[in-house]
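# Chain and residue survey
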Amino acid sequence: MTALDFQALAPHLTLTGGLMVVLLAVSFWRGHRTAFALTLLSFVAAFVALWPGLDAGPREVTPLLMLDAYAAFFNGLFILIGAVTALLARRYLEGRAGSPEEFYLLLLMATLGAMTLASAQHFAALLLGLEILSISLYAMVAYPEEDHPPLEAALKYLVLSGVGSTIMLFGMALIYHSTGALGFAEFAASVATGDRADLWLVAGQVLFIIGIAFKLSLIPFHMWTPDVYQGAPAPVTGYLATVSKAAVFAVLLRFALDAQLLEFSSMAQLSIGLVLAIIAVLSMVIGNVLALLQDSIKRLLAYSSIAHVGYLMIALLVLNALPDGTMAVETTLVFLAGYLAMTLSAFAVVSELSSAAAGERDSIGEYAGLFWRRPVLAAVLTAALLSLAGIPLTAGFIAKFYLFAAGVEGALWGLLWALILGSALSIYYYLKIVFAMTVRGTDVPAVPTSAAGVATAAVLGLVVLALGIYPAPLIDWAGDIAQGLQRLP
Amino acid sequence: MTAVSVPIEHVLVLAAALFTIGLVGVLVRRNVIFLLMSLEIMMNACGLAFIAAGARWAEADGQIMYMLILALAAAEVAVGLGLVLQLQRRFDNLDIDAASELAG
């Protein structure tokens, strides 16, 4: 490895360094504030290190990692979300018996795993990144271990996510058996020359896609999602709903691009496209229908996230019609930036109203009258929910608009109908919460909130609105990244 | 003496059979320890498939993937057993349904 390789890896290395410092610091000086401050400092340092990393350029560091603007975009988002989660977790974990310091270690580690996924271009890097992320998340979900729901959620997540990983691994093994390729680009080269209808290859690709669908909680592989979202502590749910989804989708898109997953017109490839389309339509429709029935706000957001990942599959399937990938990448980046902002702000509000000691504010009834009790938090939640519903002047509108444009270009009419139907259904349950918040005269015991947490939520709410009102910089940036990624013909 | 070579497909079929046994175990067993064991069987089936594939291409990559899988399985089980201890302490029971309160 040369100096330039290390420079390209600067964000990963900085975060690893920060992780070591926090680890050593909490073993000598136990203190919530020390651990929190060092964690925040590590995130800031890693964020600053993105720039030297970008200067080194699109650069392949070992055959495993590709550090380009695409990876840097996601790394930046993950670092920011990590920092926001640390800010929210600080007040949440206060007052809880037992030590809160290790939570921050797990948070840093999970972020490192997500960053590895965003730059993975090889099955080994995919496996390592995914498992660093998932295993840290199991422990984060179970962190308030005196409580019952987190324990149950963590066990369910561990078993079902483990099943997803092993299915994906078996798929990788079969792909390796029939193509001899572990790198994404090698895979494309080998499939282009070899026998594309090889049974082992088809089975391997199908298992790989099923494993990814487990991780993205697409229907019918979604059964763990509502329970885990409901049982996990609110700051962790927010992190899970944003970082782990976005990281897996980032690597899936890179795989589809580099490995030309949807480009060959053989039966095997066509059937993968069809299976993905069916899964996407099911997720959009069933996800939204099940969300209608929920009384718990975290479960509702879980089904809404299933539906949103379903919408996002449109961006991937556009590759079928427009294989150069510019459209797919631009749409994905714009959609995910909006989705992450709005989902995180919704969970930030839930997390600000809950705490490990006092329990979760979860049922919609407990949000009644929030506008009169906590106007700032209620306004942020309203912005987030309207954005999730796709109302204009919010980030969610731009995100859906982009998906729609991409779908029209790719002539994916069936998926577009599902998108329209799903969005129409979703308006009802998002507005249900907004209306509940305006009801007067309810008496729900207040949880002490912290100025830092409320400020974080408010900033997130403003980001959601800003992305909706003035999206031009984001769109330009996403366009540049997409152009840079474009494969040479 | 001639070396008897096993056709690669046979090894893959064995791996697939092991994988299926593990998957069925996860689906039907309710005891958490058995769930973790079934997961372990599935992971080892993946490892076996990787080693067979590596042998087919005469590369070390398959074996390296196996080592990564081993490390991953160990990490996963470490967290899993931690949760099992908590479950035992709380419910005096290792049945996963005993801990089922979240509506499905």
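Just above, that's the structure.
Since we're looking at a predicted model, the values are computed, not measured. (Residues numbered from 1 in each chain as written. Chains lettered and ligands numbered in written order. Predicted model: local features only at pLDDT ≥ 70, side-chain atom pairs only at ≥ 80, totals over all residues. Heavy atoms only, no water.)

Moving on, we get to the overall build of chain B. Helix and strand content of chain B: 3 helices and 0 strands. When the helices and strands of chain B are listed from N to C terminus, the series reads α-α-α. Relative to the globule expectation of 13 Å for 104 residues, the C-alpha radius of gyration of chain B, 18 Å, shows a markedly less compact shape. In terms of overall dimensions, chain B has C-alpha extents of about 60 × 30 × 25 Å along its principal axes. When burial is assessed residue by residue, chain B has 36% of its 104 residues classed as buried. Sequence separation of 24 or more characterises 54% of the internal contacts of chain B that already satisfy a separation of 6 or more. (Helix = DSSP H or I, 4+ residues; strand = E, 2+ residues; numbered from the N terminus. Rg over C-alpha atoms; globule rule 2.2 N^0.38 Å. Buried < 20%, exposed > 50% of the residue type's maximum accessible area, 1.4 Å probe, protein only. Contact = heavy atoms within 4.5 Å.)

Turning to the overall build of chain A, a few remarks are in order. Tallying secondary structure elements over chain A gives 21 helices and 2 strands in all. For 489 residues, the compact-globule formula gives about 23 Å, and the C-alpha radius of gyration of chain A, at 21 Å, lands near that figure. Along the three orthogonal principal directions, the C-alpha set of chain A runs to about 70 × 55 × 40 Å. Summarising the internal contacts of chain A: among those between residues at least 6 apart in sequence, 81% fall at separations of at least 24.

With that settled, consider helix α6 (residues 101–119) of chain A. Over its 19 residues, α6(A) runs 29 Å from end to end, which matches the ideal 27 Å to within 8%, given 1.5 Å per residue. Most of α6(A) sits out of view: 17 of its 19 residues are buried. (Expected span 1.5 Å × (residues − 1).)

Another point: the environment of A:S283. All names here are of chain A. Among the secondary structure elements, S283 is positioned in helix α13 (residues 267–292). You can call S283 buried: its relative accessible area is 0%. Along the chain, S283 and P233 lie 50 residues apart, while their C-alpha atoms are 25 Å from each other. S283 has contacts with L218, I219, N288, I306, A307 and G310, leaving out every residue within four places of it along the chain. Within the structure, the side chain of S283 is placed 3.1 Å from the backbone nitrogen of I219, a separation counted as a polar contact. (Polar contact = N/O pair within 3.5 Å; in protein donor to acceptor, adjacent residues only side chain to side chain.)

Here we take up the layout of surface pockets. Space inside the largest pocket adds up to approximately 810 Å³. Forming the walls of the largest pocket are 29 residues, and the residues nearest its centre are A:F47, A:G76, A:L77, A:L80 and A:W477. Of all the secondary structure elements, the ones that give two or more residues to the lining of the largest pocket are α4 (50–55), α5 (69–93), α15 (326–353), α20 (451–469) and α21 (472–485) of chain A. The element best represented in the lining of the largest pocket is α5(A), accounting for 9 residues. Considered class by class, the residues forming the lining of the largest pocket number 26 nonpolar, 2 polar and 1 charged. Computed from the structure, the second largest pocket encloses a volume of approximately 560 Å³. Considering the residues around the second largest pocket, the lining is formed by 27 residues, among which A:L160, A:V163, A:M223, B:V26 and B:L27 are closest to the centre. Secondary structure elements with two or more residues in the lining of the second largest pocket: α8 (148–179), α10 (199–215) and α11 (224–231) of chain A together with α1 (8–28) of chain B. (1 Å grid on protein atoms, 1.4 Å probe; cavity = no way out; pocket = protein on both sides within 12 Å on 5 of 7 lines; lining within 4 Å. Points joined across faces, edges and corners; volume = space filled by probe spheres on them. Nonpolar A, V, L, I, M, F, W, Y, C, P; charged D, E, K, R; others polar.)

So, on to the packing of α11(A) against helix α12 (residues 234–258) of chain A. Each pair of packed helices gets described by two things: the angle between the helix axes and the distance between those axes. Residues and elements named next belong to chain A. Contact pair α11 / α12: the axes reach a minimum separation of 8 Å and the direction vectors enclose 135°. In this view, α11 runs oblique relative to α12, as classed from their interaxial angle. Contacts between α11 and α12 involve T225, V228 and Y229 from the former and T237, L240, A241 and K245 from the latter. Along the lines of polarity and charge, the residues of the contact of α11 with α12 split into 4 nonpolar, 2 polar and 1 charged. (Axes fitted to C-alpha atoms, helices over the stretch in contact; angles between N-to-C directions. Parallel < 35°, antiparallel > 145°, perpendicular 65-115°, else oblique.)

A word on the pattern of salt bridges. All names here are of chain A. If you walk through the whole model with that rule in mind, you get 11 salt bridges over all chains. One salt bridge connects D227 with K156, and the closest N-O pair in it is separated by 2.7 Å. Of this pair, D227 sits in helix α11 while K156 sits in helix α8, and the two are 71 residues apart along the sequence. Each member of the pair D227 and K156 is classed as buried. Overlapping salt bridges, with partners in common, bring together E152, K156, D227 and R299 in one network. (Salt bridge = Lys/Arg side-chain N within 4 Å of Asp/Glu carboxyl O.)

This paragraph deals with the packing of aromatic side chains. All names here are of chain A. Applying the stated criterion across every chain yields a total of 24 aromatic pairs over all chains. Residues F187 and F255 carry aromatic rings whose centres are separated by 5.7 Å and whose planes lie at 35° to one another, so their mutual orientation is tilted. One end of the pair, F187, is in helix α9 (residues 184–193); the other, F255, is in helix α12, with 68 residues separating them in the sequence. A single burial state applies to F187 and to F255, both of which are buried. (Phe/Tyr/Trp six-rings, centres within 6.5 Å; stacked < 30°, edge-to-face > 60°.)

Turning our eyes to something else, we now look at the interface of chain B and chain A. Every contact between the two is made by 45 residues of chain B and, on the other side, 42 residues of chain A. Interface area for chain B against chain A, summed over the two sides, is near 3700 Å², with a carbon-plus-sulfur share of 77%. Counting every contact that joins chain B to chain A gives 0 salt bridges. Counting across the chain B and chain A interface gives 4 residue pairs in polar contact (both at pLDDT 80 or more). (Buried area = accessible area lost by both parts, 1.4 Å probe.)

Residue and element names in this part refer to chain A. Taken together, the side chains of L393, L462, L465, I469 and Y470 present a nonpolar region at the surface, about 550 Å² in accessible area. Secondary-structure assignment places L462 in helix α20. The class of L462 is exposed, set by a relative accessible area of 56%. (Patch = residues over 30% accessible without salt bridge, like charges linked within 9 Å, V, L, I, M, F, W, Y side chains within 5 Å. Areas by Shrake-Rupley, 256 points an atom, 1.4 Å probe, with all protein chains shown as cover.)

With that settled, the discussion passes to helix α3 (residues 61–91) of chain B. Spanning 31 residues, α3(B) covers 44 Å between terminal C-alpha atoms, matching the ideal 45 Å at 1.5 Å per step. Buried residues belonging to α3(B) abut α7 (123–141) and α8 of chain A together with α2 (32–56) of chain B. Positive backbone phi, approximately 55°, marks B:D92, located one or two places after α3(B).

Residues and elements named next belong to chain A. Judged by nonpolar contacts, the single largest core of 218 residues is most densely connected at F123 and L126. At 19 residues, the largest contribution of residues to this core is made by α15. Beyond its immediate chain neighbours, meaning those up to four positions away, L126 contacts L117, A120, M168, M172, F184, F208 and V251. (Core = buried A, V, L, I, M, F, W, Y, C linked by side-chain atoms within 4.5 Å.)

Before going further, it helps to spend a moment on the environment of A:S165. Residue position: A:S165 is located in helix α8. In sequence terms A:S165 and A:I210 are 45 residues apart; their C-alpha atoms lie 9.6 Å from each other.

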